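# Residue-level structural notes
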Amino acid sequence: MWWSRALLLFAVLALGPAGCGFKPMYGAPSGAASGIDANLAAIRIEPIKDRIGQQLRNGLLQRLSPRGEAADYAYSLKVVLSEGVSNLGFRKDTYATVANLSMSAQIQLSGDNATILGETVTTTVYFDHLGPRYASVATERDAQERALNQLADDIRNRIAVALQRYQANPNDERYRRRSLFGGEGGEGRR
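Residues numbered from 1 in each chain as written. Predicted model: local features only at pLDDT ≥ 70, side-chain atom pairs only at ≥ 80, totals over all residues. Heavy atoms only, no water.

### Side note on the overall build of the chain
- Scanning the chain from terminus to terminus reveals four helices and four strands.
- Starting at the N terminus, the α and β elements of the chain follow one another as α-α-β-α-β-β-β-α.
- Classification of the 190 residues of the chain by burial places 35% in the buried group.
- For the chain, contacts bridging at least 24 residues in sequence account for 63% of all contacts bridging at least 6. (Helix = DSSP H or I, 4+ residues; strand = E, 2+ residues; numbered from the N terminus. Buried < 20%, exposed > 50% of the residue type's maximum accessible area, 1.4 Å probe, protein only. Contact = heavy atoms within 4.5 Å.)

In structure tokens form, the structure reads like this:
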């Protein structure tokens, strides 16, 4: 009698997720690159200006196509990066002791003659100003690296969600051609 309950419980647990329509967003069946991973790997990341832009591009490449860049691209990602530092804490001699580093990335993902995603992604990290100038530069670079990693993770996640939404309904009005950067489409961001 107890074994029949155990068997029933096992069957419910084993078949439950399959019957409810559960489909993992990031997982690929049997280790093959399929689904969202294949779509992420088909994104061409355009060059990003400056040294930190190159670091962000490298971080995005690692997250979007860890097996290397694809030869054929279905989508194009354009990123415009900006950063700013604001001092928060001061000593009596007006020397800053704590600061926030904010990074913003305007992103535009386009493909199939549509703008799939167009928005601004922002992250903020704090760092300490230390006495010697070299130490302060080192803490600021560390903060920059942390901010770039957070930004790359956030951009990857937003792109993955946007691609799934787009593929579920590519004829939706929100995917009309528009540009955050003024060029093609000319409508601008809504």
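### Here's the deal with the side chain of Arg57
- Tracing the backbone shows Arg57 in helix 3 (residues 50–64).
- A polar side-chain atom of Arg57 sits 2.8 Å from the main-chain carbonyl oxygen of Ile45.
- Once residues lying within four places of it in the same chain are set aside, the contact partners of Arg57 are Ile45, Glu46, Pro47, Ile48 and Glu69. (Polar contact = N/O pair within 3.5 Å; in protein donor to acceptor, adjacent residues only side chain to side chain.)

### Digging into the pattern of salt bridges
- Evaluation of the coordinates by the stated rule reveals six salt bridges.
- As a salt-bridge pair, Glu119 and Arg158 come within 2.6 Å of each other at their nearest N and O atoms. Separated by 39 residues along the polypeptide, Glu119 in strand 4 (residues 114–128) and Arg158 in helix 4 (residues 133–168) bring together distant segments of the chain.
- We note a salt bridge from Arg158 to Asp154, for which the minimum N-O separation is 3.2 Å. With Arg158 and Asp154 both in helix 4, this residue pair falls four residues apart, about one helical turn.
- Shared partners join several salt bridges into a network, and the residues in it are Glu119, Asp154 and Arg158. (Salt bridge = Lys/Arg side-chain N within 4 Å of Asp/Glu carboxyl O.)

### Looking at the environment of Met103
- Tracing the backbone through its elements, the reader meets Met103 in strand 3 (residues 96–111).
- Look at Met103 and you get buried, because its relative accessible area is 0%.
- Distance in space between the C-alpha atoms of Met103 and Thr123 is 5.5 Å, their sequence separation being 20 residues.
- Among all residues touching Met103, those that are not within four sequence positions of it are Ile52, Ser82, Glu83, Val121, Thr122, Thr123, Gln144, Ala147, Leu148 and Leu151.

### Regarding the side chain of Gln144
- Locating Gln144 in the fold gives a position in helix 4.
- By relative accessible area, Gln144 is classed as buried at 12%.
- Only 3.1 Å separates the side chain of Gln144 from the side chain of Glu83, close enough to count as a polar contact.
- Residues contacting Gln144, with those up to four places away along its chain left out, are Arg51, Ile52, Glu83, Leu101 and Met103.

### Details of helix 3
- Relative to the 21 Å expected for 15 residues at 1.5 Å per residue, helix 3 spans 21 Å between its end C-alpha atoms, a close match to the ideal helical length.
- By the burial criterion, the buried members of helix 3 are Ile52, Gly53, Leu56, Arg57, Gly59, Leu60, Leu61, Arg63 and Leu64. (Expected span 1.5 Å × (residues − 1).)

### Here's the deal with unusual backbone geometry
- Residues other than glycine seldom take positive phi values, yet Asp112 does so here, at roughly 55°.
- Position of Asp112 among the secondary structure elements: in the loop between strand 3 and strand 4.
- A relative accessible area of 52% places Asp112 in the exposed class.

### Looking at the confidence of the model for the chain
- Overall, the prediction assigns the chain a mean pLDDT of 79, with 69% of residues at 70 or greater.
- Contacts from residues 184–190, a stretch scored under 50 in pLDDT, to residues over four places away or in other chains number 15 contacts. (pLDDT = per-residue confidence, 0-100.)

### As for the environment of Ser86
- Note that Ser86 resides in strand 2 (residues 75–90).
- Linking Ser86 and Ala99, residues 13 residues apart in sequence, is a C-alpha distance of 5.5 Å.
- In contact with Ser86, other than residues within four places in its own chain, are Ala99 and Asn100.

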